[in-house]
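So the chains spell out like this:
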Amino acid sequence: MPPSAPASRSTATFQRPGHDHRRCIDGALAAAEERCRRRGAKLTELRRRVLELVWQGHEPVGAYALLDALRAEGRAAAPPTVYRALDFLLSHGLIHRLEKANAFIGCPRPDDPHAGQFLMCLECGTVIEMDDAALGAAVAASAAKHGFAVSRQMLEVEGHCPSCARGAAGG
Ligand SMILES: [Zn+2]
Ligand SMILES: [Zn+2]
Ligand SMILES: [Zn+2]
């Protein structure tokens, strides 16, 4: 038997500067359209645009920055407009809300049920989503020892990404 490839789901990792981010955006938008179609949900033009704006980089984006961006495009957007669009995207698993930063980040794998596990660079603000099922299972097992049933996990880990860590080491 050939050695089986490790069961790798798309693994997010810290991107090198200059990576083709348009591919990240296009992939996320295509996945969102497909997911909404399957769920009979309407990805309106505004919702799609908000998702695209959340995906403008790998740093979390706050609601008011989104509002400013929409207004800069000449849209008559008010905070409730933005929050409704964000709620829609959250409810379909297309974005996550980072609680400490109170900001939003696109989810690279909305179709896989997963806990929110994030590595957050304190220097450049880049956030990547880990996908470590063992970690989620360990939290659930620990919680069970307390008779606690986990309904949602959110793990935000702060530190330094590889390029910022290299810079700090003297570059
Ligand atoms: Zn990217
Ligand atoms: Zn996710
Ligand atoms: Zn960094």
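This is a predicted model, so every value here is computed, not measured.

A. Structural detail: the coordination of the zinc ion (ligand 2). Only His 96 (NE2), Cys 107 (SG), His 114 (NE2), Glu 129 (OE) and Glu 129 (OE) from the protein coordinate the zinc ion (ligand 2), and they sit 2.0 to 2.5 Å from it. Mapping the donors of the zinc ion (ligand 2) onto the primary sequence gives the spacing H-x10-C-x6-H-x14-E.

B. Main features of the coordination of the zinc ion (ligand 3). Protein-derived ligands of the zinc ion (ligand 3) are Cys 121 (SG), Cys 124 (SG), Cys 161 (SG) and Cys 164 (SG), with the metal-ligand distances lying across 2.3 Å. Taken together, the four donor atoms surrounding the zinc ion (ligand 3) define angles of 104 to 114° at the centre, an arrangement classified as tetrahedral.

C. How the structure looks around the nonpolar core. Counting 27 residues, the largest nonpolar core has Val 50, Leu 51, Leu 66, Leu 86 and Leu 89 as the members making the most contacts within it. Every element with two or more residues in this core is listed here: α1 (21–39), α2 (45–54), α3 (63–72) and α4 (79–91). It is α1 that provides the largest number of residues to this core, a total of six residues. Apart from the residues within four sequence positions on either side, Leu 89 is in contact with Leu 43, Arg 47, Val 50, Leu 51, Leu 94 and Ile 95. If you look at the next biggest cluster of nonpolar residues, it comprises five residues, including Leu 98, Ile 105, Met 120 and Val 127.

D. Main features of the sheet that holds strand β4 (residues 127–129). Spatial ordering of the open sheet is given by β4-β3-β5, a layout of three strands whose pairing is mixed. On the outer flanks of this sheet lie β4 and β5 (154–159), each paired with one strand and no other. For this sheet, the mean angle separating the axes of adjacent strands, direction not counted, is 20°. The pairing of strand β3 (residues 116–121) with β5 spans six bridges and is parallel. Counted as the bridge partner of Gly 116 is Met 154 from β5.

E. View of the side chain of Thr 126. Following the sequence through the fold, Thr 126 ends up in the loop between β3 and β4. If sequence neighbours within four positions are ignored, Thr 126 has contacts with Phe 14, His 58, Glu 59, Leu 119, Met 120 and Cys 121.

F. Representation of the packing of α2 against α4 in the model. Contact geometry of α2 with α4 gives a least axis separation of 9 Å together with a crossing angle of 80°. The orientation of α2 relative to α4 falls into the category roughly perpendicular. Packed against α2, whose contacting residues are Leu 46, Arg 47, Val 50, Leu 51 and Val 54, the element α4 presents Thr 81, Ala 85, Leu 86, Phe 88 and Leu 89 at the interface.

G. Expanded view of the confidence of the model for the protein chain. Taken residue by residue, the protein chain gives an average pLDDT of 88. The fraction at 70 or more is 90%. For residues 1–10, every residue scores under 50 in pLDDT, and the model assigns this stretch five contacts once sequence neighbours within four places are set aside.

H. View of the packing of α1 against α2. Closest axis-to-axis distance for the α1/α2 pair is 10 Å, and the angle between their directions is 145°. For α1 against α2, the interelement crossing comes out right-handed. Across from Arg 22, Ile 25, Ala 28, Leu 29, Ala 32 and Glu 33 in α1, the residues of α2 making contact are Arg 48, Leu 51 and Glu 52.

I. The arrangement of the domain arrangement of the protein chain in detail. As assigned here, the protein chain comprises domain 1 (20–110) and domain 2 (113–171). When each unit is reduced to the centre of its C-alpha atoms, the spacing between domain 1 and domain 2 is 22 Å. Contacts between the two partners involve 13 residues from domain 1, matched on the other side by 13 residues from domain 2. Scanning the region where domain 1 abuts domain 2 turns up three salt bridges. Asp 131 serves as the salt-bridge partner of Arg 109, at 3.5 Å between the closest nitrogen and oxygen. Across the contact surface, domain 1 and domain 2 share nine residue pairs in polar contact (both at pLDDT 80 or more).

Definitions and limits used
Residues numbered from 1 in each chain as written. Chains lettered and ligands numbered in written order. Predicted model: local features only at pLDDT ≥ 70, side-chain atom pairs only at ≥ 80, totals over all residues. Heavy atoms only, no water. Donors = N, O, S within 2.8 Å, 3.2 Å for Na, K, Ca; no water. Tetrahedral: all angles 85-135°; square planar, octahedral: opposite > 155°, others 65-115°. Core = buried A, V, L, I, M, F, W, Y, C linked by side-chain atoms within 4.5 Å. Buried < 20%, exposed > 50% of the residue type's maximum accessible area, 1.4 Å probe, protein only. Helix = DSSP H or I, 4+ residues; strand = E, 2+ residues; numbered from the N terminus. Contact = heavy atoms within 4.5 Å. Pairing = 2+ DSSP bridges. Axes fitted to C-alpha atoms, helices over the stretch in contact; angles between N-to-C directions. Parallel < 35°, antiparallel > 145°, perpendicular 65-115°, else oblique. pLDDT = per-residue confidence, 0-100. Left-handed = near helix turned anticlockwise from the far one by under 90°. Domains from an automatic or database assignment. Salt bridge = Lys/Arg side-chain N within 4 Å of Asp/Glu carboxyl O. Polar contact = N/O pair within 3.5 Å; in protein donor to acceptor, adjacent residues only side chain to side chain.

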